[in-house]
Amino acid sequence: MPKSKFVDFKAVKAAITMEQVLDHYGILDKFKRGTDSLSGPCPIHKGSNPTQFRISISKNVWNCFSECKHGGNVLDFIARMENVSIHAAALKAIEWFDLDPEAMSAGSEEEVGESSETPKAEDAPKPKPAAKAAPVQENGASNKPLKFRLDKLERSHAYLTTTRGLKLDTIVDFGAGFCAKGIMAGRIAIPIHNSAGEVVAYAGRWPCEPAADMPKYKLPPGFKKSLELFNIDRAINEPGPLVIVEGFFDCMKLHQFGYRKVVALMGSTMSAAQEELIKRHTDRNSQVIVILDEDEAGTAGREDIAVRLAKFCFVKTHVFDQPGTQPDQLSAEDVAEILGGAP
Ligand SMILES: [Zn+2]
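Notes on the structure follow. (Residues numbered from 1 in each chain as written. Predicted model: local features only at pLDDT ≥ 70, side-chain atom pairs only at ≥ 80, totals over all residues. Heavy atoms only, no water.)

Considerations on the overall build of the chain
Helix and strand counts for the chain stand at 11 helices and 13 strands. Looking at the 343 residues of the chain, the share that counts as buried comes to 49%. Here the analysis covers contacts within the chain between residues at least 6 apart in sequence; of these, 61% occur between residues at least 24 apart. Put simply, the chain shows about 16,900 Å² of open surface, and 51% of that area lies on carbon and sulfur atoms. (Helix = DSSP H or I, 4+ residues; strand = E, 2+ residues; numbered from the N terminus. Buried < 20%, exposed > 50% of the residue type's maximum accessible area, 1.4 Å probe, protein only. Contact = heavy atoms within 4.5 Å. Areas by Shrake-Rupley, 256 points an atom, 1.4 Å probe, with all protein chains shown as cover.)

In structure tokens, the structure reads:
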């Protein structure tokens, strides 16, 4: 959860659409799409009549004409679905949709008097524009956005804070946390987004030394990690050189140190689709810095990556003096030295 309790409800409402929220609950496909509407059974009173619940897409509001006899905005909807306050609903929305907690916090005072009546048309937030770029495909395949979110993740798990040295802000920023039940039970779940910002998978890191027959990381069956670059959705909006690292935690650590234009290969090699993604978001004046682990795989990987990326951008590779060094073990000073001061 974000540190600040002062939530800017307006900013949260403007950042998410009813459609995204239905998708979060995995019920979007129960809704019929009209020109500017979505209609279906009411998820709040769990009705079955397919026309009783209507959403105005442009106004980003909903109304149940049946049992609820009520309507409201996107936060009212979450509040009713979760049976919590608007404030708690906003905090949930920030978590579920990986909204920037900083940008979603009000400067001084919390808006406590938020009414839960249907908002007037003029103050209805505009829905978020559709995804900017189509996902990268390989042989016609792409990773489908998930229809669910893992919630109730334990953010302050010792593996993240103590073992990996991550601050709560960073952990929340990446939406990671310990998962107690479900497909990632017992693991640290890390959401992976495609370049349009949609969650396409959760990676599950076992939070201690795994037994011999147990994988360190678990990925959903059918998920192709070679089609994604971890953190690409946010990195592309940041200034400066693009830093490429191997792992999730290398990426989170550099982000924590203020280097936000960083992506992880989720391995020590670069796939053709990953190369294509980098190409799509760089030009001949772009700088790319490759910082892989200082081991056999990392050394081989960085040579190959440097040769391939050099065809369309400036590439620098970093070589560590100490064999075995991994970027996530570096101090802020080390990183500043390598990446040259300010991000
Ligand atoms: Zn209803």
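Things to note about the coordination of the zinc ion
Here the zinc ion is held by the protein donor atoms Cys42 (SG), His45 (ND1), Cys64 (SG) and Cys68 (SG), which lie 2.0 to 2.3 Å from it. One way to put it: the 4 donor atoms around the zinc ion meet at angles of 97 to 115°, and that makes the site tetrahedral. Sequence spacing of the donors to the zinc ion: C-x2-H-x18-C-x3-C. Taken as a pair, Cys42 in the loop between strand 2 (37-40) and strand 3 (53-56) and Cys68 in the loop between strand 4 (61-64) and strand 5 (70-73) lie far apart in primary sequence, 26 residues in all. On the accessibility criterion, Cys68 (18% relative accessible area) is buried. (Donors = N, O, S within 2.8 Å, 3.2 Å for Na, K, Ca; no water. Tetrahedral: all angles 85-135°; square planar, octahedral: opposite > 155°, others 65-115°.)

Thoughts on the sheet that holds strand 3
The strands making up a sheet associate through backbone hydrogen bonding, with each pair oriented either parallel or antiparallel. Spatial strand order, 1-2-3-4-5: 5 strands in an open sheet with antiparallel pairing. Every interior strand has two partners, whereas the edge strands, strand 1 (32-33) and strand 5, have only one. As judged from the 4 bridges shared by strand 3 and strand 4, these two strands associate in the antiparallel manner. When the sheet's bridge partners are listed, Phe53 is paired in strand 4 with Cys64. (Pairing = 2+ DSSP bridges.)

What about the layout of surface pockets?
Computed from the structure, the second largest pocket encloses a volume of approximately 440 Å³. Ranked by the residues each element gives to the lining of the second largest pocket, the list is headed by helix 8 (residues 248-256), at 4 residues. Classifying every residue of the lining of the second largest pocket by side-chain character gives 6 nonpolar, 6 polar and 9 charged. (1 Å grid on protein atoms, 1.4 Å probe; cavity = no way out; pocket = protein on both sides within 12 Å on 5 of 7 lines; lining within 4 Å. Points joined across faces, edges and corners; volume = space filled by probe spheres on them. Nonpolar A, V, L, I, M, F, W, Y, C, P; charged D, E, K, R; others polar.)

Section: the pairing of strand 13 (residues 314-317)
As defined by bridge partners, strand 12 (residues 287-290) adjoins strand 13 across 4 bridges and the pair is classed as parallel. Residue pairing across strands places Ile289 opposite Lys316, the latter belonging to strand 13. What joins strand 12 to strand 13 is helix 10 (residues 296-309), and the crossover it makes is right-handed. (Right-handed = clockwise from strand over helix to strand, strands pointing away.)

Here's the deal with the environment of Met214
Structurally, Met214 can be placed in the loop between strand 8 (199-205) and strand 9 (217-218). When near neighbours in sequence (up to four residues on either side) are disregarded, Met214 contacts Arg187 and Trp206.

Some words on helix 10
Every α-helix winds through 3.6 residues per turn, so residues three or four apart in the chain are directed the same way. Its 14 residues place the ends of helix 10 20 Å apart at the C-alpha level, agreeing with the 20 Å of an ideal helix rising 1.5 Å per residue. Those residues of helix 10 not exposed but buried are Gly298, Gly301, Arg302, Ile305, Ala306, Arg308 and Leu309. Looking straight down helix 10, one finds its buried side chains confined to an arc of 165°; they lie on one side. Seen from the open side of helix 10, the exposed residues pointing more than 90 degrees away from its buried face are Glu296 and Val307. Buried-residue contacts for helix 10 involve strand 10 (242-245), helix 9 (272-280), strand 12 and strand 13. (Expected span 1.5 Å × (residues − 1). Arc of directions from axis to C-beta.)

Some remarks on the pairing of strand 8
Among the 7 residues that make up strand 8, 7 are buried, leaving the element largely enclosed by the rest of the structure. The sheet contact formed by strand 7 (residues 187-193) and strand 8 spans 6 bridges and is antiparallel. Paired with His193 across the bridge in strand 8 is Val199. In sequence, strand 7 turns back onto strand 8 through a hairpin of 5 residues, with Gly197 there showing a positive phi of about 85°.

Points about the nonpolar core
Counting 35 residues, the largest nonpolar core has Val12, Ile16, Leu22, Phe53, Phe77 and Leu99 as the members making the most contacts within it. Ranked by residues supplied to this core, first place goes to helix 4 (residues 86-96) with 7 residues. Beyond its immediate sequence surroundings of up to four residues, Phe77 is in contact with Met18, Val21, Leu22, Tyr25, Pro43, Ile44, Phe53 and Trp62. Of all hydrophobic cores here, the second largest spans 33 residues; its members include Ile188, Phe248, Met266 and Phe320. (Core = buried A, V, L, I, M, F, W, Y, C linked by side-chain atoms within 4.5 Å.)

Remarks on the pattern of salt bridges
Under the definition given, this model contains 8 salt bridges. Asp328 is the partner of Arg164 in a salt bridge, and the nearest nitrogen-oxygen pair spans 2.8 Å. Here the residue Arg164 occupies a position in the loop between helix 5 (158-163) and helix 6 (168-174), and Asp328 occupies one in the loop between strand 13 and helix 11 (332-339), the gap between them amounting to 164 residues. As a salt-bridge pair, Arg302 and Glu294 come within 2.9 Å of each other at their nearest N and O atoms. Like Arg302, the residue Glu294 is buried in the burial classification. (Salt bridge = Lys/Arg side-chain N within 4 Å of Asp/Glu carboxyl O.)

What to know about the environment of Met184
Looking at where Met184 falls in the secondary structure, it is placed in the loop between strand 6 (177-179) and strand 7. The class for Met184 is buried, based on a relative accessible area of 1%. Non-local contacts of Met184, meaning those with residues more than four positions away in its chain, are made with Leu150, Cys179, Tyr202, Ala203, Gly204, Lys218 and Pro220.

Some points on the packing of aromatic side chains
Taken as a whole and assessed by the stated rule, the structure comprises 12 aromatic pairs. Centroid distance Phe174 to Phe230: 5.7 Å. Interplanar angle 25°. Geometry classified as stacked. A residue pair is termed long-range when its members are at least 10 positions apart, and Phe174 in helix 6 and Phe230 in the loop between strand 9 and helix 7 (232-235) qualify at 56 residues. Taken individually, Phe174 and Phe230 each receive the classification buried, so the pair is uniform in this respect. By the ring-pair criterion, three or more aromatic residues cluster together here, those being Tyr25, Phe31, Phe53, Trp62, Phe77, Trp96 and Phe97. (Phe/Tyr/Trp six-rings, centres within 6.5 Å; stacked < 30°, edge-to-face > 60°.)

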